[in-house]
Amino acid sequence: MSGKLSRIAVFSAALAAFGMTGAVSSTASAAPTSMHFIAHYSSESQCQGGGAYYVRHGYSSYYCLRESAGWGLYVWD
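Residues numbered from 1 in each chain as written. Predicted model: local features only at pLDDT ≥ 70, side-chain atom pairs only at ≥ 80, totals over all residues. Heavy atoms only, no water.

Participant: What am I meant to see in the overall build of the protein chain here?
Facilitator: Of regular secondary structure, the protein chain possesses two helices and four strands. Residue burial in the protein chain is summarised as follows: out of 77 residues, 29% are buried. A fraction of 62% describes how many contacts in the protein chain between residues 6 or more apart in sequence connect residues 24 or more apart. Total accessible area computed for the protein chain in this model is approximately 4300 Å², and 58% of it derives from carbon and sulfur atoms. (Helix = DSSP H or I, 4+ residues; strand = E, 2+ residues; numbered from the N terminus. Buried < 20%, exposed > 50% of the residue type's maximum accessible area, 1.4 Å probe, protein only. Contact = heavy atoms within 4.5 Å. Areas by Shrake-Rupley, 256 points an atom, 1.4 Å probe, with all protein chains shown as cover.)

In structure tokens:
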């Protein structure tokens, strides 16, 4: 499984397990069209700051997911 597909699988499993709570922080908006992994951050607040930056620059929403490498930032178009 490629790195991107494994992150998507982990992300999907986490959303199901946590019901979009727990180790996930996010923004809410209209239905997103496609997801993009951006980067790992060492803290949740850094991830949220990065997500806010992408939303200000045209993405519809973001999610910060706790992963083994830190906090993964995912954005949607």
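Let us keep going from here.
Participant: Any chance you could explain the pairing of strand S3 (residues 61-67) here in plain terms?
Facilitator: On a regular strand, one side chain projects to one face of the sheet and the next to the other, so that they alternate. Among the seven residues that make up S3, six are buried, leaving the element largely enclosed by the rest of the structure. Judged from the seven bridges that link them, S3 and strand S4 (residues 70-76) form a sheet pairing that is antiparallel. Paired with Tyr63 across the two strands is Tyr74, which belongs to S4. The antiparallel hairpin formed by S3 and S4 contains two residues in its connecting segment. (Pairing = 2+ DSSP bridges.)

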